[in-house]
Amino acid sequence: MDETRTLIEGRGLVESPRWHEGRLYFSDWTAGEVLAIDPADGRVEVVARVASLPLCTDWHPDHGLLIVSSAEGLLLRREPDGSLATYADLGRPGWNDIVVDDRGNTYVNRAGFDPMAGEAFAPGSVSLVTPDGSVREVADDIAFPNGMAETPDGSTLIVADSYRHALLAFDIGPDGALSGRRVWADLGEGTPDGICADAENAVWYADVPGRCCVRVAEGGAVLDRVGLDRGGFACALGGQDRRTLFVVAAVWRGMTESAPVEPGSGQVLATRVEVPGAGRP
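As a convention, each chain's residues are numbered from 1 in the sequence order in which they are written. Residue-level local features of this predicted model are given only where pLDDT is at least 70; pairs of side-chain atoms are given and counted only at 80 or more, and the full residue set underlies all totals for whole chains, interfaces and linings. Processing note: side-chain calculations cover all non-hydrogen atoms of the structure and skip hydrogens and water entirely.

**Q** I would appreciate a short explanation of the nonpolar core in the present structure.
**A** Most often, soluble globular proteins have nonpolar side chains that are buried together. The nonpolar core is taken to be a set of buried Ala, Val, Leu, Ile, Met, Phe, Trp, Tyr and Cys residues, with the residues joined through side-chain atoms within 4.5 Å. Residue exposure (1.4 Å probe, protein chains only): buried if accessible area is under 20% of the type maximum, exposed if over 50%, otherwise partly exposed. Ranked by internal contacts, the top residues of the largest apolar core, which has 41 residues, are Phe26, Ile67, Leu75 and Ile98. The contact definition used throughout considers only heavy atoms, calling two residues in contact when any of these lie within 4.5 Å. Those residues in contact with Ile98 that lie beyond four places of it in its chain are Arg18, Cys56, Thr57, Asp58, Leu66, Val68, Leu75, Thr106, Tyr107, Val108 and Met148.

**Q** Can you walk me through the packing of aromatic side chains in this structure?
**A** The geometry of two aromatic rings is summed up by the distance between their centres and the angle between their planes. Stacked, edge-to-face and tilted labels apply to pairs of Phe, Tyr and Trp rings (six-membered ring for Trp) whose centres lie within 6.5 Å, assigned for plane angles under 30 degrees, over 60, and everything in between, in that order. Per the counting criterion, the structure on display carries eight aromatic pairs. When the ring of Phe113 is compared with that of Phe144, the centres are 6.1 Å apart and the planes differ by 75°; the resulting orientation is edge-to-face. Of this pair, Phe113 sits in the loop between β11 (106–110) and β12 (124–129) while Phe144 sits in the loop between β13 (135–142) and β14 (145–150), and the two are 31 residues apart along the sequence. A residue is classified by how much of its surface remains accessible, and Phe113, at 10% relative accessible area, is buried. An aromatic cluster is built from Phe113, Phe121, Phe144 and Tyr163, whose rings are joined through pairwise contacts. Under the scheme used here, helices are H or I runs from DSSP no shorter than 4 residues and strands are E runs no shorter than 2 residues, and both carry numbers assigned from the N terminus.

**Q** What am I meant to see in the side chain of Asp193 here?
**A** Looking at the element boundaries, Asp193 is found in strand β18 (residues 192–197). Lys and Arg are tallied as positive, Asp and Glu as negative. Neither His nor the chain termini are counted. Only one rule defines a salt bridge in this text: a Lys or Arg side-chain nitrogen within 4 Å of an Asp or Glu carboxyl oxygen. Of the buried charged residues, Asp193 lacks a salt bridge, with Arg18 as the closest side chain of opposite charge at 9.5 Å. When neighbours within four sequence positions are excluded, Asp193 is seen to be in contact with Glu15, Asn146, Gly147, Ala160, Ser162, Ala206, Val208, Gly232 and Phe233.

**Q** What is the right way to read the sheet that holds strand β24 (residues 266–272) from this model?
**A** Hydrogen bonds between backbone atoms are what pair the strands of a sheet, whose relative direction is either parallel or antiparallel. Pairing between strands is defined by DSSP: at least two bridges between them are needed. Taken in spatial order, the four strands line up as β1-β24-β23-β22 in an open sheet, and their pairing is antiparallel. Sheet topology places β1 (5–11) and β22 (231–238) at the edges, where each strand pairs with a single neighbour. Taking the axes of each pair of neighbouring strands and ignoring which way they run, one obtains an average angle of 20° across the sheet. Taken together, the six bridges between strand β23 (residues 244–250) and β24 define a ladder with antiparallel strand orientation. Looking at the pairing, Phe246 lines up with Ala270 of β24. Where helices are involved, their axes are fitted lines through C-alpha atoms of the stretch in contact, as for all axes, and angles between N-to-C directions lie from 0 to 180°.

**Q** Where do I start with the pattern of salt bridges in this structure?
**A** For side chains of opposite charge, pairing can occur when their charged atoms come near one another. What the rule picks out here adds up to 19 salt bridges. With its nearest N and O atoms 2.7 Å apart, the salt bridge here joins Asp41 to Arg43. The shortest N-O distance in the salt bridge between Asp141 and Arg164 comes to 3.0 Å. With Asp141 in strand β13 and Arg164 in the loop between β15 (156–161) and β16 (166–172), the pair connects residues that are 23 residues apart, well separated along the chain.

**Q** Hey, could you run me through unusual backbone geometry in this one?
**A** Glycine aside, a negative phi is what most residues show, and trans is what most peptide bonds show. The omega torsion of the bond from Leu53 to Pro54 falls at 5°, within 30 degrees of zero and hence cis. Structurally, the position occupied by Pro54 is in the loop between β5 (44–49) and β6 (57–59). Of note, the amide linkage connecting Arg280 to Pro281 takes the cis form, showing an omega dihedral of 5°. Along the polypeptide, Pro281 turns up in the segment after β24. Positive phi is not limited to glycine here, since Glu21 has a value of about 50°. Positionally, Glu21 belongs in the loop between β2 (14–20) and β3 (23–28).

**Q** Honestly, the sheet that holds strand β8 (residues 74–78) in this entry has me stumped. Any pointers?
**A** Strand order in this open sheet of four strands is β6-β7-β8-β9, and the pairing throughout is antiparallel. Looking at the sheet topology across the chains shown, the edges are occupied by β6 and β9 (84–89). On average, each strand axis in the sheet is tilted by 30° relative to the strand beside it, whichever way the strands run. As paired strands, β6 and strand β7 (residues 65–69) are joined by three bridges and run antiparallel to one another. Bridge pairing in β7 links Trp59 to Leu65.

**Q** Would you take a moment to explain the environment of Phe170 for this structure?
**A** Mapped onto the fold, Phe170 is located in strand β16. Exposure remark for Phe170: the relative accessible area of 3% places this residue in the buried category. Residues Phe170 and Ala206 lie 36 residues apart in sequence; the distance between their C-alpha atoms is 20 Å. Setting aside its immediate chain neighbours within four residues, Phe170 contacts Ala139, Ile142, Ser155, Thr156, Leu157, Val159, Leu178, Ser179, Gly180, Arg181 and Arg182.

**Q** Would you explain the pairing of β5 in this entry?
**A** Pairing of strand β4 (residues 33–37) with β5, which is carried by five bridges, proceeds in the antiparallel orientation. The partner of Val34 across the bridge, within β5, is Ala48. Hairpin connection, β4 to β5: the antiparallel pair is bridged by six residues, and Gly42 has positive phi, about 75°.

**Q** Help me understand the environment of Glu150 in this model?
**A** Residue position: Glu150 is located in strand β14. Sequence separation of Glu150 and Leu65 is 85 residues, and the distance between their C-alpha atoms is 18 Å. Those residues in contact with Glu150 that sit more than four places away from it in its chain are Asp101, Asp102, Thr156, Leu157, Ile172, Ala197, Gly279 and Arg280.

In structure tokens:
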């Protein structure tokens, strides 16, 4: 594996990296910004501003950017002119990660409590937003749902359950419904946050307390590991050949702190890997 290089630094709580049409998109939750970087020249553009924490995004197959406005309980769509329109009303606040499949089905998850407000634990869930904008819950009893990825063949949704230290898998039905819940990988002490899949059906997960990004096979065998000097919040495989692993990382202070990460500690990192990305995101 190549040396890890820093593309951006000096940001806040960075999350939700997504590779799209030659640029890496990511969110700075602290600033309430969705940004895009051209890795070739390092140019950074603010593509949307949404005052929301969390603030996760993914690309719809028609190339529109969907943005989860957690605070408003809305799924927004960035229009060609840069304006934001409501794509779906999620019904309540508190939403976290998002992944969109090739059919335009959008999966959005939420915790069952607000840890930043000190609320008592309650398990979370995954909801499906269909292309017509309807919303329904399709999975429950996920202790703390975080990153999600669809396998390359489109048959399986993998969900990171941070509190249970596991990756869960669900079969995706013709209508987008989820079934066949199972533990895809027991991670031991690993705490998965954002995830992505590759062409060998392995999954990379970013780990905040573990300060690393780890590649695992189904069943949990560790295949590779990238060490970090701060918490890894999410990862994505991109670049022209999808063999660049992008990691967003920051110094973690804790959910109940007024600033969950150390100000200015947010970075976007990149390293080359052997197996290209596949599936979604």
